[in-house]
Amino acid sequence: MQHQAKNTLILALAAAAVLTSNIALANKLDDIKARGSLICGTQNASSPYGFQDPKTREYVGYDVDVCHAIAKAMGVKMEHKPLSTEARIPEVKMGRVDMVAGAMAYLPTRAKEVDYSLQYLQGHIKVLVKKDSGINSFADLAGKKVCASSGSSSAAIASKVLTKSDVLTFQNISQCYLGLQNDKVAAMTAGELVLIRFENDSAKTPAPMKLLSESTYVEHIGAVVNKGETDLKNAIDEAIKKVDASGELTRIYDKWMGKDSIYKLTRTFKVEPVENAD
């Protein structure tokens, strides 16, 4: 009888622990509403996503504005927390932030640790060449040297996509650009926004550059929350839909990446599940 009572107590405690855990997760959204603020993390030094304005010393950027818009749509204030790239997932998992909008592209490995909201941004990995090089497509890069930053996803992707090219890695992207200027490589590959800045700078030199129209890869970017926080994820999804329907998402895009920015890009992505995005 005593043994049976002991087993019953153990089972009851285990059930209580599971129930408490589920309640804690279910109450995350309630905690945000009770607090009256959404703690949103962004990158701290990545323009135009999240960075410190040198004049005002305030953190600004596409992701910062998206955080504000999501919080407003949820009926709460936004409490911003700047993060290093490496700290984005750990801060979510430790509960120090409610969500991260940190230019985090969907990856199956990441999706095992965190849950993704609907897509609120896309990023493209592109290729930059000299304007007078005669290179107009990936096919024209066959047999030519293409540079990428060492250890970058751009380098790994280029090796898989540009299989007929000789993909080289330099220590950083600035060295790649120098190599392209000095004809040590025929092209360089990196994120589109970085390459546009190089392209803009080169317009003032005797050797202007151009971006190829093709992308080696398209990154589907969503906000992330801790695994299992379904109510919070759903609330964020609904907020993103509302921000998109009002036109605010496009206005934020135009401000930081579109017609009102140095990049002059046109928004083409849709708000949809990151894992199924085109």
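Residues numbered from 1 in each chain as written. Predicted model: local features only at pLDDT ≥ 70, side-chain atom pairs only at ≥ 80, totals over all residues. Heavy atoms only, no water.

Can you walk me through helix α7 (residues 173–181) in this structure?
Side chains three or four residues apart in an α-helix point the same way, a direct result of the helix having 3.6 residues per turn. Along α7, the positions that sit buried rather than exposed are Ile173, Cys176, Tyr177, Gly179 and Leu180. In a view along the axis of α7, the buried residues occupy a sector of 160 degrees, so they form one face of it. If you check the start of α7, you find a side-chain oxygen 3.1 Å away from the backbone N of Ser174, and it comes from Asn172. (Buried < 20%, exposed > 50% of the residue type's maximum accessible area, 1.4 Å probe, protein only. Helix = DSSP H or I, 4+ residues; strand = E, 2+ residues; numbered from the N terminus. Arc of directions from axis to C-beta. Polar contact = N/O pair within 3.5 Å; in protein donor to acceptor, adjacent residues only side chain to side chain.)

What is the right way to look at helix α3 (residues 62–74) in this model?
The first and last C-alpha atoms of α3 sit 18 Å apart over 13 residues, in line with the 18 Å expected at 1.5 Å per residue. Most of α3 is tucked away: 11 of the 13 residues are buried. Taken residue by residue, α3 has Tyr62, Asp63, Val64, Asp65, Val66, Cys67, Ala69, Ile70, Ala71, Ala73 and Met74 as its buried positions. The positive-phi residue at the C-terminal boundary of α3 is Gly75, with phi of around 80 degrees. (Expected span 1.5 Å × (residues − 1).)

What is the right way to look at the state of the cysteines in this model?
Here is the idea: a disulfide is a covalent bond, and it sits between the sulfur atoms of two cysteines. Counting across every chain of the model gives two disulfides. What pairs with Cys147 in a disulfide is Cys176, and their sulfur atoms sit 2.0 Å apart. Looking down the S-S bond of the Cys147 and Cys176 bridge, the torsion is -70 degrees, so its handedness is left-handed. Taken together, the positions of Cys147 in strand β8 (residues 145–149) and Cys176 in helix α7 put the pair 29 residues apart, joining distant regions of the chain. (Disulfide = S-S within 2.5 Å.)

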